[in-house]
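A look at the structure
Next come the chains, spelled out residue by residue.
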Amino acid sequence: MPGKWEAVIGLEVHARLLTSTKIFCGCSPAFGAPPNTHVCPICLGYPGSLPVLNRKAVELAVRMGLATDCEVHPRSVFARKNYFYPDLPKGYQISQFDRPIATNGRIGDVRIRRIHMEEDAGKLMHHGDGSLVDLNRAGTPLVEIVTEPDLANADDAVAYLTRLRQVLMYTGACDGNMEEGSLRCDANVSVRREGEELGTRTETKNLNSFRYVGRAIEHEIERQIAVLERGGKIDQETRLYDVATGETRVMRSKEEAHDYRYFPDPDLLTLDVEPSQIEEIRRALPELPAPRAARYQRDFGLSVKDAEALVVTKALAEYYEAVAAEAANAKAAANWVRNEVLRVLNEEKVELEEYRVTPSMLARLIKLIDSGAIGGKSAKEIFDDMSQSGEAPETIVERKGLSQISDPSAIREAAERVITANAAQVEQYRGGKQQVFGFLVGQLMKETRGKAKAELANAVLRELLDR
Amino acid sequence: MSELLDLPWHEAQAQASPRELVDASLRAIETRDESVHAFLHVNADARGDGMPLAIKDNIVTTDMPTTCGSRILSNFTSPFDATAIARLRANGASFVGKTNLDEFAMGSSTEHSAFGPTRNPWDLSRVPGGSSGGSAAAVAARMVPAALGSETGGSVRQPAAFCGVVGLKPTYGRISRSGLVAFASSLDQIGIVTKTVRECAELLGVIAGADPLDSTSSTQPVDDYAADLASGVRGLRFGVVREAVERLEGEVRANFDEALNVLRGGGAIIEDARVPAISYAIAIYYIVANAEASANLSRFDGVRFGHRSERSKTLDDLYFHSRGEGFGAEVKRRIMLGTFALSSGYYDAYYGRAQAVRATLRGQFADAFARFDFLLTPTTPEPAFKIGAKTDDPLSMYLSDIFTAPANLVGIPAIAVPSGFSAEGLPLSLQLMAPHFGERALFRAAAFFERETEYWKRKPR
């Protein structure tokens, strides 16, 4: 009886580093400019031009290395990776080969084999019978983050990518924007029967959304199992995911594989980073999402789900912590941020940084609730108003007259007016018809325009009626 | 009027205005270059208030084309100036033209230019050497007082030797490579060709120095290179590289021994030096240089600049035809050799091994410089050869660089100074090498030798 099928998956992620200039020249790496406007002799590979390394890119790569628990190497080496393609101006890509900047790290249970720095290529745009080249992207700084084959299915892969993206964004190394190609993923997939040797792997390239990564891996696992069950064999090849069909297809066979003829780039010195600088960068790292979520569970008593939802971005986590601290109510803060703040941001397509409700405003709202000054229903209304007007919660309470009446003498006066005006119902109640009490409470709420604090209203009314 | 250009620059400057000197240069080019063919482009509108200079056509300039002696760049003008050019411009220099070279500086005779060979002004049936043959011939024929060339394995010193002029290869990193079209990036360095040592020292002072556009340029302070020209060689220690000279014969040998006597006469201490790995220099050089070249020349693909074949219908066609039509035979040979040396399965045996021996060579030079201020060899094993004599025998052509390539592999400065003439009246040359950043000392010793011999005063008919 053959064992069950299992998949072995490793991911290679290219992340664009958030620098203000390209990796080897002074051009802007901004996305979306008109074609070939962010170019110069260096990133166009003009004769006589030379690359000069952007130290900010190095700092960001070191940050990523440290944030993924890698060993960051004080000396690494840039190499030339040789191949011809019209989007590659020099005919070689400057990358790192046998001496990458960082190795041997992890994200959760997934081991990181290496992180290396390299320059991005440009873009080809196909038009009818011809192709046009846009070299704005050429020379954009990237890190490539390569895992060990530690993933077993598409869900694992997506979970890893989700956490990796969070870490990239926390460190400020990458904006995590997949639509603009700031993160691109290649998946190495093989299958085997439980307990057997590793199978032959394929590489599926250029997956530019988490959904496609998941689907491409699922499809590739199914395809490989089907081939093997038919008695066929898997070829070591490069495949491309077709978004339209949801399938992968051959891009390059093993025979067509390039010999990249890597050698150290003599135009660049060895990349040296002082150990003291590495330590400085380590000290400046923010608290990362995984330890932060653990802390929220431990110190604030939040559920895994709440904690994870709040650490998705550094900005959100910091917002949450500010609300929790000022409101002195971490759980209420978690509920408000997770349910209400995220809903409004999502509905109105606003970034947290531009959001009108500051942590202090939300914290004061929570305090108004906790002190009994306002009720839950009014709180929602005040929150929505804050989101729109940007006014302080106290101002809104004032403006809308929403403060609950919690003064017993005010409620007593109102209750006496209700009793006088509804003599017949009061008679019925006193005659033993308890149901009428609800009606009288309703009248009292009407009299107070809904502002009477409910428990207090009940107590006062009952006291007057039962007298 | 053009006798002005026979004078050392500081004397010429005292006798004529900058305008007159530039005009003298342009007139000399007009009358003499038809037979020599040192220039690929002449800038009749050259202006400036400094020295008229010729520039090897692999150094980019915004006001003249840069062809690298190749069909693939026959219509190319650079959008930026090389750093050396920018510094000379700021210093008032006038660029009178771009000089011929072996295609992409790959060659030792200037016969591998796509635009026809340059002839040696001392004997028009002979090569001027290469690859900076145009620059050396232009200075030798007194068309310009000085020229920039480029060095990868001797491409300034060897033609300087063949043409009877001074040729300097500075320390690797001394002059920015920004704007020097790359042949072999770990070896390339802009070099200077002049009639006299002083002109060379003064020009180096203008163009040397750190450059933010070249990470391999050195931050070592720029020296006062002409400061010690009159200091002589008394007490300085010169090592004769035994492995390089033991098999020398005939007039090159006699001329070299004579040169040693001149130095001895000035009080120099001369002893044998050993650099055993020097016998591997040519093998290492042609692996390292070609490997780097195979990548450096990939950018000439017909996509963004340079020649694009009309015959191309597919992307592969575009590469094959553009490069096939654009590059000459020697360039193709070197790209293939270099590609092979880097190929999977061969890298360790060729490129890896060559770099290891290069490190050994560097160590042996360091050991030799612990004992000596200078190392000496002839610049070339023979004087200028006949045009066509070696074009069918690449290996014997490659051996022209046997004494010069080691300095490039090790990164040290070296200078070629005229040391006399063969029986046939062809220039011979002495090479002095110094430790890294030892240019000032190099000029001091070379200036002494020049003063004692005054070979620079002879000029071709």
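Notes on the structure in this doc start here. Remember, it's a predicted structure, so these values are computed and weren't measured experimentally.

Looking only at helices and strands, chain B has 15 helices and 11 strands in total. At 21 Å, chain B has a C-alpha radius of gyration in line with the 23 Å of a compact globule built from 461 residues. Restricting to contacts in chain B with at least 6 residues of sequence separation, those with at least 24 account for 74%. Summed over all atoms, the accessible surface of chain B reaches about 15600 Å², with 50% contributed by carbon and sulfur.

Residue and element names in this part refer to chain A. Read across the sheet, nine strands follow the order β2-β6-β7-β10-β1-β11-β12-β13-β14 without closing on themselves; strand pairing throughout is mixed. Strands at the two margins of the open sheet, each flanked by one partner only, are β2 (71–72) and β14 (247–252). Where β2 and strand β6 (residues 102–107) come together, two bridges link them in antiparallel fashion. Pairing of Val-72 across the sheet is with Ala-102, part of β6. On top of the sheet, helix α3 (residues 210–229) reaches β1 (5–16), β11 (183–193), β12 (202–207), β13 (238–242) and β14; it is set at about 25 degrees to β11, its chief contact.

With that settled, consider the pairing of strand β8 (residues 123–127) of chain A. Two elements, β8 of chain A and strand β9 (residues 130–134) of chain A, share five bridges in a ladder whose sense is antiparallel. Pairing of His-127 of chain A across the sheet is with Gly-130 of chain A, part of β9 of chain A.

Geometrically, the link from Gly-130 of chain B to Ser-131 of chain B is a cis peptide bond, its omega value of 10 degrees lying close to zero. Looking at where Ser-131 of chain B falls in the secondary structure, it is placed in the loop between β3 (94–99) and α4 (133–140). In this model, Arg-261 of chain A sits at a positive phi of 45 degrees, which is unusual for a non-glycine residue. Note that Arg-261 of chain A resides in the loop between β14 and β15 (263–264). A positive phi angle is found at Phe-437 of chain B, which is not glycine, with a value near 60 degrees. The topology assignment puts Phe-437 of chain B in the loop between β11 (427–433) and α15 (439–453).

Here we come to empty space enclosed by the protein. By rolling a water-sized probe across the atoms, one finds the places where empty space is left. Residues and elements named next belong to chain A. Considering all chains together, one arrives at six cavities of 30 Å³ or more under this definition. Volume-wise, the largest cavity comes out at about 120 Å³. For the largest cavity, the lining is made up of 17 residues, of which Phe-24, Ile-42, Cys-43, Lys-90 and Glu-119 are closest to its centre. In terms of residue class, the lining of the largest cavity is built from 11 nonpolar, two polar and four charged.

Once that is clear, we can look at the pairing of strand β7 (residues 237–241) of chain B. Residues and elements named next belong to chain B. Taken across its five residues, β7 has four buried, putting it largely inside the fold. Pairing analysis gives five bridges linking β7 to strand β8 (residues 269–273), with the strands arranged parallel. Counted as the bridge partner of Gly-239 is Glu-271 from β8. In this sheet, strand β9 (residues 374–378) lies alongside β7 in parallel orientation, the contact comprising three bridges. What sits directly across from Gly-239, in β9, is Leu-375.

About the cut-offs
Residues numbered from 1 in each chain as written. Chains lettered and ligands numbered in written order. Predicted model: local features only at pLDDT ≥ 70, side-chain atom pairs only at ≥ 80, totals over all residues. Heavy atoms only, no water. Helix = DSSP H or I, 4+ residues; strand = E, 2+ residues; numbered from the N terminus. Rg over C-alpha atoms; globule rule 2.2 N^0.38 Å. Contact = heavy atoms within 4.5 Å. Areas by Shrake-Rupley, 256 points an atom, 1.4 Å probe, with all protein chains shown as cover. Pairing = 2+ DSSP bridges. Axes fitted to C-alpha atoms, helices over the stretch in contact; angles between N-to-C directions. 1 Å grid on protein atoms, 1.4 Å probe; cavity = no way out; pocket = protein on both sides within 12 Å on 5 of 7 lines; lining within 4 Å. Points joined across faces, edges and corners; volume = space filled by probe spheres on them. Nonpolar A, V, L, I, M, F, W, Y, C, P; charged D, E, K, R; others polar. Buried < 20%, exposed > 50% of the residue type's maximum accessible area, 1.4 Å probe, protein only.

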